[in-house]
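# Architecture at a glance
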Amino acid sequence: MRLHRTLNQLRHVKKINSRHRHTLTVSTEVSEAVRKGRPIVALESAVLSHGMPPPDNFNTAVNIQNILTQMGVVPAVTAVIDGTLRVGLAREELERLCNGDSNEFVKVSRRDLAPCVAKGLTGGTTVSGSMLLAHWAGINLLVTGGIGGVHLGGENSMDVSADLIELGRTPVTVVCAGVKSILDIQRTLEVLETQGVTVCTLGEDQIPAFYSTHSGIKAPLRVDSITEITCLISANKQLELSSGIVVCVPLSKVDSINKEEIDSTLKDAMQTANDNSITGNKITPYLLDYMNNRNPRYLDANISLLKNNTIVGARIAKSLSSVSK
Ligand code: PSU
Ligand code: MN
């Protein structure tokens, strides 16, 4: 069975800009779901290639795709495979991304798309890269673990994730567990405001801090239901704002790790990153890897929040699909 066909053959997918048809390949399942207005959730893949170790990355990817399928939602993993931008991966491709040496794969943000296409490279797409691929394929909802942000000391290093800028210019809603405390949460919210991005937390007043349910920082907006989120997304579309929305889903309290524990681990992680001159897009994977190795609770929390976010994403996708019918 041919799993994929190029967008050249998908002229009925109206939202796909013809500029991308030679380089973007959408799986049959995903393109049909887009065409029929069925619920779809895009899933980023840098978290698999660069954010989690094998075999947990692959097992988690399979689990969250199963959760979506069981809930009647089509999963659409985004990635770049041998220079082709892809939405909807085959199992072997997912395996390849999860099991390979992360150094051989690109961590693909917006700036890396053209080099990957030009050189035929392979990699997992970050939130920024995934938002673009999803948008080009006609999907407006993406699930991830945590978005990138302003790094601690970012006011000097200028290390501000491309995710924040992409959220300002691409109309995709990103469901996440907030902003990791390896980042400067307050400054991240400031940049998101500057970029015009609507940020809300589901069922809580605070922004969650990825590994912790609470950050101590107030969310710009609180929402209490999937219907409220659906209304936000519809209004954003109606206003043609062309910017994205961040929906934060707090990690469950059982998996939440306390701030003192995170801060002390993080301090050591940042010290060794500094000693090893780790900079740029290598910082986030380095810190995550350090924390995972230090205490298995970090990886457990990461897996748990990904599942949580997937369930919320699926509910939003279903609600959006029913209002647009
Ligand atoms: N946060 C995680 N795991 C991840 C990432 C973030 O807990 O794997 C990845 C996401 O793909 C995110 C990217 O889009 O890191 C941000 O990278 P940077 O900080 O280099 O912009
Ligand atoms: Mn960065």
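What counts, and where the lines are drawn
Residues numbered from 1 in each chain as written. Chains lettered and ligands numbered in written order. Predicted model: local features only at pLDDT ≥ 70, side-chain atom pairs only at ≥ 80, totals over all residues. Heavy atoms only, no water. Near = heavy atom within 4 Å. Polar contact = N/O pair within 3.5 Å; in protein donor to acceptor, adjacent residues only side chain to side chain. Areas by Shrake-Rupley, 256 points an atom, 1.4 Å probe, with all protein chains shown as cover. Helix = DSSP H or I, 4+ residues; strand = E, 2+ residues; numbered from the N terminus. Core = buried A, V, L, I, M, F, W, Y, C linked by side-chain atoms within 4.5 Å. Buried < 20%, exposed > 50% of the residue type's maximum accessible area, 1.4 Å probe, protein only. Contact = heavy atoms within 4.5 Å. Phe/Tyr/Trp six-rings, centres within 6.5 Å; stacked < 30°, edge-to-face > 60°. Lys NZ or Arg CZ within 6 Å of the ring centre and 35° of its normal.

## Here's the deal with the site of ligand 1
Contacts to ligand 1 come from 17 residues, most closely from K107, V127, S161, D163 and K180. At 2.8 Å from an oxygen atom of ligand 1 is found a main-chain nitrogen or oxygen belonging to V127. Within the backbone of G146, one N or O atom sits 3.5 Å away from a nitrogen atom of ligand 1. Surface burial for ligand 1 is 93%, taken as the share of its 470 Å² of free accessible area covered by protein chains. Where the shell around ligand 1 is concerned, the elements lending two or more residues are α2 (46-51) and α12 (283-294). With three residues, α2 is the largest single contributor of residues to the shell around ligand 1.

## A short note on the nonpolar core
With 62 residues, the main nonpolar core has V87, I139, I147 and Y211 as its most contacted residues. Top contributing element to this core by residue count: helix α6 (residues 127-137), with seven residues. Contacts of Y211, omitting those with residues within four sequence positions, involve L251, D255, S256, I257, I262, L288, M291, N292, Y298 and A301.

## A short note on the packing of aromatic side chains
This structure, assessed with the given rule, holds two aromatic pairs. Ring geometry for F210 and Y211: centres 4.8 Å apart, planes at 80°, overall edge-to-face. Both residues of the pair, F210 and Y211, belong to the buried class. Here the aromatic rings of Y211 and Y298 are separated by 4.8 Å at their centres, their planes lie at 75°, and the arrangement is edge-to-face. Residue Y211 is found in the loop between β10 (198-202) and β11 (222-223), and its partner Y298 is found in helix α13 (residues 296-323); the two are separated by 87 residues along the sequence. Here Y211 matches Y298 in class, with each residue buried. An aromatic cluster is present here, built from F210, Y211 and Y298 joined pairwise through their rings. Positioned above the aromatic ring of F210, the side-chain terminus of K180 is 4.8 Å from the ring centre.

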